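# Working through the structure, step by step
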Amino acid sequence: MQIPKWPVYGERELELLREVLESGRWGGHNEILGRLEGSFASFQHCAHGLSLANGTVALELALEVAGVGPGDEVIVPAISFISTATAVSRIGATPVFVDIEPYSFNLDPERAAEAVSAKTKALIVVHFGGQVADMDRLGRLAADRGLILIEDAAQAHGSEWNGRRAGSLGVAGIFSFQNSKVMTCGEGGMLTTNDAELAARARAIADQGRRAGGGWFHHYSLGTNYRMTAFQAAVLLAQLERLPKQIRLRSRNAALLRAELASVEGLRFQEAPPQATAHSCYLLLGRIDAARFGATRDQFHQTLAAQGVPCTPFYPHTLYANPLYRQGGCRVEPCPVSEACIADAFWLPHRVLMGDEETTREIAAVIRGAAGRGMR
Ligand SMILES: Cc1ncc(COP(=O)(O)O)c(C=O)c1O
């Protein structure tokens, strides 16, 4: 089976890397950073982009410049990568873990509304696997209750809600360019926003409290160094040029795979409402109903692994069940859906969706063949 490798690169990355090498300006003040920020921000329908060392510090910075701090509570989904919660903890606020919806895998707006307390200051919405969360309802909740809405769009490059791209739908958004992401330079991040003042505050913190046009040794506010290097930006500019075509390919293959598997009992993929007008297809998420599928999620995973189809049996814990948060420092709402997903959900990484039609049909055959395996 010809499942492509990831990451993908070519002459364009080499050309831009050479440009940086030969410029002698390898750090975060090369003009290529501005080129990347402008191109990526406008791709995501945002007025401002700030390139950063990774998505985790981007999230910490977004919370900080939005005014979240010690004593505040921040609602986060119980299912995500750890940074969604640790960014909250590291700025001295308290994460409040809230359940996800059963088939969008995203924060449940009703459960989020119930979790709001007098201390709640913000809401971090994660677009899991690349599917934008229900921004109509979550946006309304934030507006009604006066909460700051931050998008963790680490997995949602190019994803949309009603034609508007991720990262442009809240006060600020963050993206990751870590090795597995749909555009990557190994490690990297971006903060996006339509708020010029917030962008300027974030830039000052990320660049040692400097001001545009000020000198290298002139510092006006308390900052640090979160800058992305020019090498990272070079690779990302090339990756961004390739991204729209890759999203079209993955979307076509995801639709084909879903159609091929539509009649398989007990297998249900992530469900997108009509407002989710584009999906990065970072992950193809699904759940196994073992009684109807005839095999458990772990048996399903073993069958795929044995036949060379990469598959991850979901996160091993809800965020609050990590040893870190078992010690406290958080508030936990009832999360029955999240806990069920730990046992029965899975994802296929995006490279599974980057082959040709024949490969996609072969993958569908392997998945169909996994049904009933537990009964044999
Ligand atoms: C949902 C989510 N949030 C945040 C991050 C953190 O990004 P990074 O690994 O670039 O720090 C990731 C990526 O790993 C992620 O998947």
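Heads up: these notes are all about the structure in this document. No experiment lies behind these values; they were computed from the predicted model shown. (Residues numbered from 1 in each chain as written. Predicted model: local features only at pLDDT ≥ 70, side-chain atom pairs only at ≥ 80, totals over all residues. Heavy atoms only, no water.)

### Points about the environment of Leu 17
To keep it simple, the criterion reads: A run of H or I in DSSP becomes a helix once it reaches four residues, and a run of E becomes a strand once it reaches two; helices and strands are each numbered from the N terminus. Contacts are assigned to residue pairs with any non-hydrogen atoms lying within 4.5 Å of each other.
As for its placement among the helices and strands, Leu 17 is situated in helix H1 (residues 11-23). When the C-alpha positions of Leu 17 and Val 235 are compared, they lie 6.8 Å apart, and in sequence the two are 218 residues distant. Leave out the neighbours within four places in its chain, and Leu 17 touches Phe 231, Ala 234 and Val 235.

### Considering the nonpolar core
What counts is decided by this rule: To define a nonpolar core, start from buried Ala, Val, Leu, Ile, Met, Phe, Trp, Tyr and Cys residues and group those joined through side-chain atoms within 4.5 Å. Relative accessibility thresholds used throughout: buried, under 20% of the residue-type maximum; exposed, over 50%; partly exposed, between the two (1.4 Å probe, protein chains only).
With 61 residues, the main nonpolar core has Ile 32, Ile 75, Leu 123, Phe 128, Phe 177 and Phe 314 as its most contacted residues. Looking at which element gives the most residues to this core, the answer is helix H8 (residues 230-260), with 10 residues. Not counting residues up to four positions away in its chain, the partners in contact with Ile 75 are Val 96, Val 98, Leu 107, Ala 112, Ala 115, Val 116, Thr 120, Ala 122, Leu 123 and Ile 124. Judged by nonpolar contacts, the second largest core, of 37 residues, contains Leu 50, Ala 78, Val 88 and Cys 335.

### Re the packing of aromatic side chains
Using the following cut-off: Working definition: rings of Phe, Tyr and Trp (its six-membered ring) pair if their centres are within 6.5 Å, and the pair is stacked with planes under 30 degrees apart, edge-to-face with planes over 60 apart, and tilted otherwise. The criterion for a charge sitting over a ring is simple: Lys NZ or Arg CZ within 6 Å of the ring centre, and within 35 degrees of the ring normal.
On inspection of all chains with the given rule, the structure shows 16 aromatic pairs. Measuring from centroid to centroid gives 6.3 Å for Phe 105 and Phe 128, while their planes differ by 80°, and the two rings are edge-to-face. Of this pair, Phe 105 sits in the loop between strand S3 (94-98) and helix H5 (109-115) while Phe 128 sits in the loop between strand S4 (120-126) and helix H6 (135-145), and the two are 23 residues apart along the sequence. Across the pair, Phe 128 and Phe 105 agree in class, each one buried. Each residue in the set Phe 105, Phe 128, Phe 314, Tyr 315 and Trp 347 is aromatic and connected to the rest through ring pairs, giving one cluster. For Arg 211, the ring lying beneath its charged end belongs to Tyr 220, and the centroid distance is 4.0 Å. Over the face of the ring belonging to Tyr 103 we find Arg 287, whose NZ or CZ atom lies 5.3 Å from the ring centre.

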